[in-house]
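For reference, the chains in residue letters:
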There are 4 protein chains.
Amino acid sequence: MSLELNKDEMEQYLQEIFPQMIRDFQIDALDEAGIIMRLLVNDGHLRPGGTVSGPSMFALADVAVYAMVLSRLGRKALAVTTNSSLDFLRKPAAGRDIVAKGQLLKLGRSLAVGDVLMYSQGSDKPVARATMTYSIPPERMAT
Amino acid sequence: MSLELNKDEMEQYLQEIFPQMIRDFQIDALDEAGIIMRLLVNDGHLRPGGTVSGPSMFALADVAVYAMVLSRLGRKALAVTTNSSLDFLRKPAAGRDIVAKGQLLKLGRSLAVGDVLMYSQGSDKPVARATMTYSIPPERMAT
Amino acid sequence: MSLELNKDEMEQYLQEIFPQMIRDFQIDALDEAGIIMRLLVNDGHLRPGGTVSGPSMFALADVAVYAMVLSRLGRKALAVTTNSSLDFLRKPAAGRDIVAKGQLLKLGRSLAVGDVLMYSQGSDKPVARATMTYSIPPERMAT
Amino acid sequence: MSLELNKDEMEQYLQEIFPQMIRDFQIDALDEAGIIMRLLVNDGHLRPGGTVSGPSMFALADVAVYAMVLSRLGRKALAVTTNSSLDFLRKPAAGRDIVAKGQLLKLGRSLAVGDVLMYSQGSDKPVARATMTYSIPPERMAT
């Protein structure tokens, strides 16, 4: 299945719709096989002790799966998160970006499901795992 | 089981350890039966369209369960989130705080599990549901 | 919201569609507020040591939420499980039925979400917690 | 990390401890990289319409992760499921075994987390996804 929006178009689109939030994120790769997305870690993402916060990793997984879904459905589509599960596996390394590697497991008419493994940059042991389900409202057919 | 830290002591403790984050949260009630915690919604929590963001609701559920665990174990305890599941059920009402009602389902030697329902203030239909698991490292025995 | 199928009608319907499986289950109560459903524990549900197996508790939560959804939508409806999360909290008591108490958190046009706490009969400490999401295909409109 | 129990030793061990259950399962591969485990589908696993039941897929994911954990810890170890999340993605093909491909994401002192994708034999589109967390009680140190 080819993409409606490639990496550059997707970054442009995210900047239009989430201008505040997206400054902290960067797409390293986006193609039919999946996505590599990066959380540009700054002090706002940290908890005492230097750990990247849970909500920051939730946000990374959420936007990574969103970008995979929208890259296939195109700009007009709507998609809202309905379910998420996260496992926090290891303490992230201090001062490193978090790199998310995602794949889309399902893109149905009404539901899309994506899977994400997150790593401290330079490590091959995952710090967290997430699955995100998006609901695709039927209104997208209308346009 | 009586509490090691009551509502006021817990708020004081959260301000010591999470001074940046905790400004957005308020404990309405904390006792043996559970917790009522509030996200004081401001523009930083919103997505386009006025919806409260997923990461903000994740943060609310996470800190609500953390406060229930620490209120029972006391200041010296450590607890780290290991697993979370969230279901987003309805669009939150614009301009309303999110109120989380939590109960602790298990407080074992090494794992604690808490359940949270979240509501837009003034509504009785939940906007989200979350379960959070905390791991309690054995080091807490050392002090 | 009144029920399309009451407790007796629901039991009858489950026996029609799941005759093999439903022998192990019994509805104790079903109304607008929720469901109480019982797993009639026999040797087939046990693991060595007398613990009720995980798949048996999954099945109990799954059919409890299914019954809540169908009791509201009626016999013609279709509903398939799309997501589940379970937490196993305590070892069930030997030789006791498992009692599930469920509530429906959402019944939308395309998704329904229900929450279940499970107890060994006679205990008030939950042995497990589950959330089940059902997808309701649009075909149900056709009839 | 080398394995304490290889594929044949693991199958032997599962037959000793779960003689009833394990007849329906077969290990196709087990090594440091992960596991391939098969549900030998028979009528007992089916729902009306020929779908493999949710509890059967839960059982497959559960035993696949259990086998990965025990293959590393050895026969003396204890491990109990504490958390699971499953997404059901597609209807399984009628009359086909379900093949689970699992990897161990974490093996800590007290928690192990494994990830499983499940396929109808011969298809490369997953029918389900699961994550299982096992708690490893400290008593295993005693022997």
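These figures come from a predicted structure and were not determined experimentally.

Overview of the overall build of chain A
- Counting its regular elements, chain A contains 3 helices and 6 strands.
- Counting from the amino terminus, chain A carries its helices and strands in the arrangement α-α-β-β-α-β-β-β-β.
- By its C-alpha atoms, chain A is 50 × 25 × 25 Å across when sized along the principal axes.
- Out of the 143 residues belonging to chain A, those deemed buried represent 57%.

Details of helix α1 (residues 7-17) of chain B
Residue and element names in this part refer to chain B.
- When we look at burial in α1, the residues that qualify are M10, Y13 and L14. The buried residues of α1 occupy an angular sector of 100 degrees when the element is viewed end-on, so they sit on one face.
- The elements touched by buried residues of α1 are β1 (25-31), β2 (34-39) and α2 (54-73).
- One side-chain oxygen at the N-terminal end of α1 lies 3.2 Å from the backbone nitrogen of D8; it belongs to N6.

A word on the relation of the copies chain A and chain B
- Between chain A and chain B, the superposition needs a rotation of 180 degrees and an axial shift of 0.0 Å, giving an RMSD of 0.0 Å. In the structure described here, the two chain copies are related by an operation that fits a two-fold rotation axis. Within chain A, the C-alpha atom positioned nearest to the axis of rotation is that of S85 of chain A, 2.1 Å from it.
- An overlap of 100% is found between the interface residues of chain A and their copies at the interface of chain B, pointing to a shared contact surface.

Overview of the confidence of the model for chain A
- With 96% of its residues at a pLDDT of at least 70, chain A reaches an overall mean of 92.
- The ipTM, which scores confidence in the relative placement of chains, is 0.93 for this predicted complex, and the corresponding pTM is 0.95.

Structural notes on the nonpolar core
- By size, the foremost hydrophobic cluster in this structure holds 89 residues, and its most contacted members are L14 and M118 of chain A together with L14 and M118 of chain B.
- Ignoring any residue separated from it by four or fewer positions in sequence, one finds M118 of chain A in contact with M57, L60, A61, L86, I98, V99, A100, P126, V127, A128, R129 and A130 of chain A.
- Core analysis: the second largest hydrophobic core is formed by 86 residues, I98 of chain C together with M57, L70 and V127 of chain D among them.

Regarding the side chain of D115 of chain A
- Mapping D115 of chain A onto the fold places it in strand β5 (residues 111-120).
- Taking the relative accessible area as the measure of exposure, D115 of chain A reaches 9% and is therefore buried.
- Only 3.5 Å separates the side chain of D115 of chain A from the side chain of R129 of chain A, close enough to count as a polar contact.
- In contact with D115 of chain A, other than residues within four places in its own chain, are K101, G102, Q103, L105, R129, A130 and T131 of chain A together with R129 of chain D.

Some details on the sheet that holds strand β1 (residues 25-31) of chain A
- Reading across from one edge, β1(A)-β2(A)-β4(A)-β5(A)-β6(A)-β3(A)-β3(B)-β6(B)-β5(B)-β4(B)-β2(B)-β1(B) is the order of the 12 strands in this open sheet, with antiparallel pairing throughout. In this open sheet, the two strands that pair with only one neighbour each are β1 of chain A together with β1 of chain B. Each adjacent strand pair in this sheet contributes to an overall mean axis angle of 20 degrees, direction not counted.
- Where β1 of chain B and β2 of chain B come together, 6 bridges link them in antiparallel fashion. Residue pairing in the sheet places F25 of chain B in a bridge with L39 of chain B of β2 of chain B.
- Contacts between α1 of chain B and the sheet are confined to β1 and β2 of chain B, with β1 of chain B contributing the most and set at about 145 degrees to the helix.

Overview of the packing of helix α1 (residues 7-17) of chain C against helix α2 (residues 54-73) of chain C
All names here are of chain C.
- For the pair α1 and α2, interaxial distance at closest approach is 11 Å and the crossing angle is 115 degrees. Between α1 and α2 lies a crossing of right-handed hand. Residues M10, Y13, L14 and I17 of α1 pack against V63, Y66, A67, L70 and S71 of α2.

Details of the environment of L39 of chain B
Residues and elements named next belong to chain B.
- With respect to the helices and strands, L39 occurs in strand β2.
- With relative accessibility at 1%, the residue L39 sits in the buried group.
- With 12 residues separating them along the chain, L39 and I27 place their C-alpha atoms 9.1 Å apart.
- With residues near it in sequence (within four places) discarded, L39 still touches D24, F25, H45, V52, S56, L60, D97 and I98.

Quick notes on the rules
Residues numbered from 1 in each chain as written. Chains lettered and ligands numbered in written order. Predicted model: local features only at pLDDT ≥ 70, side-chain atom pairs only at ≥ 80, totals over all residues. Heavy atoms only, no water. Helix = DSSP H or I, 4+ residues; strand = E, 2+ residues; numbered from the N terminus. Buried < 20%, exposed > 50% of the residue type's maximum accessible area, 1.4 Å probe, protein only. Arc of directions from axis to C-beta. Contact = heavy atoms within 4.5 Å. Polar contact = N/O pair within 3.5 Å; in protein donor to acceptor, adjacent residues only side chain to side chain. Least-squares fit on C-alpha atoms with pLDDT ≥ 70 in both. pLDDT = per-residue confidence, 0-100. Core = buried A, V, L, I, M, F, W, Y, C linked by side-chain atoms within 4.5 Å. Pairing = 2+ DSSP bridges. Axes fitted to C-alpha atoms, helices over the stretch in contact; angles between N-to-C directions. Left-handed = near helix turned anticlockwise from the far one by under 90°.

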